[in-house]
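Each chain is listed here by its residues.
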Amino acid sequence: MTAMQATGPRVSAATGELRVAGTKLAIRRLTPTGGSADDNADRPALVFLHEALGSIGQWRDVPDALVAATGLPALVYDRQGHGGSDALTLPRPPDYHRTEAAKVLPALLDACGIERAILIGHSDGGTIALLAAALLPQRVAAVVSEAAHVFIEEISLKGIREAEAAWQRGELSGLERYHGDKTEDLVRAWADTWLDPAYRDWSTEAELADVTCPVLAIQGVGDHYGSPEQVARICAGVAGPADPLLLPDCGHTPHREQRDWVLSAIQDFLAEHALLAR
């Protein structure tokens, strides 16, 4: 780990990289100050899983704010092909969500010494979080899914087509700030996977029945990549307690568009299930 610095009066951070399953992953670890390493060892860690075109940096200050509010340590990381992690190997396999949930995430948790995790996933990250909860019930204490997909809708395909066209017009060049020369491959892998006609019947709904931990399912009413039916099916499909949260005046990124509302809802959810440090 490198670059230890204070991020606020109650949080410190360390950035670095780990080799997991043969791949270099960039990570950022956050620790609430005022406690000891032993304190953190007994607490679940917040683990942030970004969206399809996301990265550590695109979470902005949300992880820091939640660590300060909850007193829990956190891990934020870039999946392969994103941010500071190794580039993708193309073509990306269509079962990449399951590979991340079943192989990469548990190996990363092991490497970081995290026994129990509260998974906070956005979009693709939310899908991975739900799959991980189904596959790793002893290690996942709770899931916050934000704009997750568990089946394919036409609104999702339309949104991806529009984003792909915007990239080709040069309107998404800001992504290069986060992904550098990996950006083209990342956009291509995302669009090619989801728009492949053979992917049209993709679904993770069957796996939801194995999710026994508490779930908070968040979505913006104006999300142009998915309808509220995603939240309805998540909450109906999981075996454990599930709370839906549909946010008005909000699109695909609730933690930015309705930041305070989302942070408060997550804190209340963790308190309800006795998962706060204090």
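Worth saying up front: this structure is predicted, and the values here are computed from it rather than measured.

**Student:** What's the story with the pairing of strand β5 (residues 74–77) in this structure? I'm lost.
**Tutor:** Remark: a regular strand shows side chains that alternate across the two faces of the sheet. Here β5 shows no split at all, with A74 and V76 on one side and L75 and Y77 on the other all buried. Direction of pairing for strand β3 (residues 23–32) relative to β5: antiparallel, over a ladder of 4 bridges. Looking at β5, one finds that L30 is bridged to A74. In terms of strand pairing, strand β4 (residues 45–49) meets β5 through 3 bridges, oriented parallel. Considered in β5, the bridge of F48 is made with V76.

**Student:** Explanation requested: the confidence of the model for the protein in the structure shown.
**Tutor:** Of the residues in the protein, 94% have a pLDDT of 70 or more, and the chain-wide mean is 94. Here residues 1–6 is a poorly scored stretch, pLDDT under 50, and it has 17 contacts once near neighbours within four places are set aside; other chains count.

**Student:** Sorry if this is basic, but what is going on with helix α3 (residues 96–112) here?
**Tutor:** An α-helix turns once per 3.6 residues; consequently, residues spaced three or four apart project the same way. Where α3 bends most, at V104, the angle is about 35°, and the proline P106 comes one to four residues later. Along α3, the residues that are buried comprise Y96, H97, E100, A101, V104, L105, P106, L108, L109 and C112. G113 lies just past α3 and shows a positive phi near 70°.

**Student:** I would appreciate a short explanation of the packing of helix α5 (residues 154–168) against helix α7 (residues 183–195) in the present structure.
**Tutor:** The angle between the axes and the distance between the axes are what describe a pair of packed helices. In contact at an axis separation of 10 Å, α5 and α7 are set at 150° when each is read in the N-to-C sense. Here α5 lies roughly antiparallel to α7, going by the angle between them. Taken as a pair, α5 and α7 cross one another with a handedness that is left-handed. Contacts from L157, I160, R161, A163, E164 and W167 in α5 reach T183, E184, V187, R188, W190, A191, W194 and L195 in α7. The residue inventory of the contact of α5 with α7, partitioned by class, reads 9 nonpolar, 1 polar and 4 charged.

**Student:** Any chance you could explain a negative patch on the surface here in plain terms?
**Tutor:** Together, E176, D181, E184 and D185 make up a region of like negative charge exposed at the surface. Along the chain, the position of E176 falls in helix α6 (residues 176–179).

Parameters and conventions
Residues numbered from 1 in each chain as written. Predicted model: local features only at pLDDT ≥ 70, side-chain atom pairs only at ≥ 80, totals over all residues. Heavy atoms only, no water. Buried < 20%, exposed > 50% of the residue type's maximum accessible area, 1.4 Å probe, protein only. Helix = DSSP H or I, 4+ residues; strand = E, 2+ residues; numbered from the N terminus. Pairing = 2+ DSSP bridges. pLDDT = per-residue confidence, 0-100. Contact = heavy atoms within 4.5 Å. Bend = angle between axes of the 7 residues up to and from the residue. Axes fitted to C-alpha atoms, helices over the stretch in contact; angles between N-to-C directions. Parallel < 35°, antiparallel > 145°, perpendicular 65-115°, else oblique. Left-handed = near helix turned anticlockwise from the far one by under 90°. Nonpolar A, V, L, I, M, F, W, Y, C, P; charged D, E, K, R; others polar. Patch = residues over 30% accessible without salt bridge, like charges linked within 9 Å, V, L, I, M, F, W, Y side chains within 5 Å. Areas by Shrake-Rupley, 256 points an atom, 1.4 Å probe, with all protein chains shown as cover. Salt bridge = Lys/Arg side-chain N within 4 Å of Asp/Glu carboxyl O. Lys, Arg positive; Asp, Glu negative; His and termini not counted. Charge placed at Lys NZ, Arg CZ, Asp CG, Glu CD.

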